[in-house]
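One-letter residues, chain by chain:
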Amino acid sequence: MTRACIVGYAHTPFGKLEDPDTESLMARVSGAALEHAGVSPDKVDGIFVGVMNSGFQKQDFQGALVALADERLTYVPAMRVENACATGSAAIYTALDFIESGRGRIALVVGAEKMTAKPTSEVGDILLNASYRKEEADIEGGFAGQFGRIAQNYFQRYGDRSEELAMIAAKNHHNGVSNPFAQMRKDLGFEFCNTVSEKNPLVAGPLRRTDCSLVSDGAAALVLADEEIARDLQRAIAFRARTHRNDILPMSRRDPTAFEGGRRAWATSLADAEMTLNDLDFVETHDCFTVAELIEYEIMGLAKPGEGYKVVREGITRKDGRLPVNPSGGLKSKGHPIGATGVSMHVLSSMQLMGEAGDMQIKDASVAGIFNMGGAAVANYVSILERLK
């Protein structure tokens, strides 16, 4: 089977941007990614767009918007993919399937979201579309309330881990200072993150504002090519393994603290890669809320269920720890424009593997793990990347 590689990428800053819509955001990265890859637009065989939208803007049919920035892409097959907060990874995996099936040799993947034009209350309601509305639409606090419930269940079962959540937030904000794309480049410190205050109020259950990712605008893009083409280009980053596993949507029908679909995705990818966590140089994981990152330590195998706090206390996931997690600052500091997030995680991991990550750089990084999830651990994607050249 043909193997596909990442050969180029581009990334906007994340935050409250002046760009009026996703069309504008995607235009900023699509051409830049192709130029970075050294690929002419007329060589692209397929375009794959990740935008959740779901009410953020009236314009839909997002797959058709990329070609508006470059008429040479007019007749290239294009499609839009949506899978909640894992929309970006879903677009990447669809493009990988396209290349690895032999239907094309070069693909452009673009992820984007324009969120800040909507009032905060509307944003919260739109994000609830990533939950099971028949049972969960009335959760206080919107989608944050969903994870507030997860945190409450976790604390009831394993003990109050508010301090450890604050340590995760502080770690990611510290890392985010070095990320030129991050929405919040400020080292908030543990004491601020651990203290409920006017500037850091409780948002949902035990979760404080510093436990929640940011509402963001932004875009990121990747160029993928089959391995034969990739080896003749400047960069070639291969997927040593990639796995997508789902879990049931309603929280009432599963253990909300287990993230079982994510655990299975991690186990499968590590087995397919013939690796253990010890072989990874860093991980970018989906910290939409700090309690998610805590549980993700457990599902990737760093700790037993309920013992993720030990990973935090021992500093294992700090940038200077045994397995740095979110050296980019994660969603917590970088921001979380839904459709762009999965693509961003792959871009920033590729930058690390190519030694192009600047102040974020993990020394001699050669293998990366990525975990991107949609909803409350419903759609789970794990990629293991390695540099070929």
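Definitions and limits used
Residues numbered from 1 in each chain as written. Predicted model: local features only at pLDDT ≥ 70, side-chain atom pairs only at ≥ 80, totals over all residues. Heavy atoms only, no water. Salt bridge = Lys/Arg side-chain N within 4 Å of Asp/Glu carboxyl O. Helix = DSSP H or I, 4+ residues; strand = E, 2+ residues; numbered from the N terminus. Phe/Tyr/Trp six-rings, centres within 6.5 Å; stacked < 30°, edge-to-face > 60°. Buried < 20%, exposed > 50% of the residue type's maximum accessible area, 1.4 Å probe, protein only. Lys NZ or Arg CZ within 6 Å of the ring centre and 35° of its normal. Axes fitted to C-alpha atoms, helices over the stretch in contact; angles between N-to-C directions. Parallel < 35°, antiparallel > 145°, perpendicular 65-115°, else oblique. Contact = heavy atoms within 4.5 Å. Pairing = 2+ DSSP bridges. Lys, Arg positive; Asp, Glu negative; His and termini not counted. Polar contact = N/O pair within 3.5 Å; in protein donor to acceptor, adjacent residues only side chain to side chain. Left-handed = near helix turned anticlockwise from the far one by under 90°. Expected span 1.5 Å × (residues − 1). Arc of directions from axis to C-beta. Core = buried A, V, L, I, M, F, W, Y, C linked by side-chain atoms within 4.5 Å.

For the protein, an unreviewed UniProt entry supplies the name Acetyl-CoA acetyltransferase and the organism Azorhizobium oxalatiphilum.

Colleague: I'd love a proper account of the pattern of salt bridges, names of residues and values included.
Modeller: Applying the stated rule across the entire model yields 25 salt bridges. Between Lys-171 and Glu-293 there is a salt bridge, with the nearest N and O atoms lying 3.0 Å from each other. In this pair, Lys-171 sits in helix α6 (residues 162-176) while Glu-293 sits in helix α10 (residues 290-300), placing the two residues 122 residues apart along the sequence. Two residues, Arg-208 and Asp-211, come together in a salt bridge whose shortest N-O distance is 2.8 Å. One continuous salt-bridge network, built from bridges that share partners, spans Arg-3, Glu-227, Arg-231, Arg-240 and Glu-386.

Colleague: Which residues make up the packing of aromatic side chains, and what values go with them?
Modeller: Tallied over the full model, the rule gives 5 aromatic pairs. Seen from their ring centres, Phe-143 and Phe-147 are 5.6 Å apart, and the 65° between their planes marks the pair as edge-to-face. Of this pair, Phe-143 and Phe-147 both sit in helix α5 (residues 142-158), separated by 4 residues, roughly a single helical turn. Per residue, the accessibility class of Phe-143 equals that of Phe-147, and both read buried. These aromatic residues form a ring-pair network of at least three members: Phe-143, Phe-147 and Phe-289. Taking the ring centre of Tyr-309 as reference, the NZ or CZ of Arg-161 above it sits at 3.7 Å. Between the NZ or CZ atom of Arg-242 and the centre of the ring of Tyr-93, over which it lies, the distance is 5.1 Å.

Colleague: Residue-level account of the packing of α6 against α10, with values.
Modeller: For the pair α6 and α10, the least separation of the axes is 9 Å and the interaxial angle reads 100°. Relative to α10, the element α6 is oriented roughly perpendicular. Contacts from Leu-165, Ile-168, Ala-169, Lys-171 and Asn-172 of α6 reach α10 at Thr-290, Val-291, Glu-293, Leu-294 and Tyr-297.

Colleague: Pulling in residues and values, what's your account of the sheet that holds strand β3 (residues 78-81)?
Modeller: Spatially, β3-β2-β4-β7-β1-β8-β11-β10-β9 is the arrangement adopted by the 9 strands of the open sheet, whose pairing is mixed. Taken across any chain shown, the strands that pair with only one partner, and hence form the sheet edges, are β3 and β9 (282-285). Taking the axes of each pair of neighbouring strands and ignoring which way they run, one obtains an average angle of 25° across the sheet.

Colleague: Tell me what's going on with the side chain of Asp-287, and back it up with residues and numbers.
Modeller: Position of Asp-287 among the secondary structure elements: in the loop between β9 and α10. Despite its burial, Asp-287 remains without a salt bridge, the nearest opposite charge being carried by Lys-171 at 6.6 Å. Among the polar contacts made by the side chain of Asp-287, one reaches the side chain of Asn-326 at a distance of 3.5 Å.

Colleague: Describe the packing of α5 against α10, listing the residues and the values that go with them.
Modeller: Where α5 contacts α10, the axes come no closer than 10 Å and their chain directions differ by 55°. By the angle between their directions, the pair α5 and α10 is classed as oblique. Crossing geometry of α5 relative to α10 is assigned as left-handed. Within the contact between the two elements, α5 uses Phe-147, Ile-150, Ala-151 and Tyr-154 and α10 uses Val-291, Ala-292, Leu-294, Ile-295 and Glu-298.

Colleague: Could you give an account of helix α9 (residues 260-273), naming the residues involved and the relevant values?
Modeller: Here α9 contains 14 residues, and its C-alpha end-to-end distance of 20 Å stays within 8% of the 20 Å for a straight helix at 1.5 Å per residue. Of the positions making up α9, those classed as buried are Gly-261, Gly-262, Ala-265, Trp-266, Ser-269, Leu-270 and Ala-273. The buried residues of α9 occupy an angular sector of 160° when projected down its axis, which confines them to one face. Buried residues in α9 make contact with β8 (237-246), β9, α10, β10 (367-374) and β11 (379-387). Positive backbone phi, at 55°, marks Glu-274, one or two positions downstream of α9.

Colleague: Could you give an account of the nonpolar core, naming the residues involved and the relevant values?
Modeller: Residues Phe-147, Phe-259, Trp-266, Leu-280 and Phe-289 are the most contacted members of the largest nonpolar core, which totals 57 residues. Taken together, the elements giving at least two residues each to this core come down to α3 (120-127), α5, α6, α9, α10, α11 (308-313), β10 and β11. In contact with Phe-289, not counting residues within four places along its chain, are Phe-143, Ala-144, Phe-147, Leu-207, Asp-211 and Cys-212. With 39 residues, the next largest nonpolar core counts Ala-220, Phe-239, Met-345 and Val-347 among its residues.

Colleague: Let's hear about the environment of Asp-255: which residues, and what values?
Modeller: Considering the arrangement of structural elements, one finds Asp-255 in the loop between β8 and α9. Judged by relative accessible area, Asp-255 falls into the partly exposed class, the value being 32%. With 105 residues separating them in the primary sequence, Asp-255 and Ile-150 have C-alpha atoms 9.4 Å apart. Polar contacts involving the side chain of Asp-255 include one to the side chain of Arg-157, which spans 2.7 Å.

Colleague: Help me get a handle on the pairing of strand β4 (residues 106-114), residues and values and all.
Modeller: Within β4, 9 of the 9 residues are buried, which leaves it mostly tucked inside the rest of the structure. Of the two faces of β4, the one holding Ile-106, Leu-108, Val-110, Ala-112 and Lys-114 and the one holding Ala-107, Val-109, Gly-111 and Glu-113 are both buried throughout. Note that strand β2 (residues 46-50) and β4 share 5 bridges and pair parallel. Bridge pairing links Gly-46 to Ala-107 in β4. When β4 meets strand β7 (residues 217-226), the two strands line up antiparallel, connected through 9 bridges.

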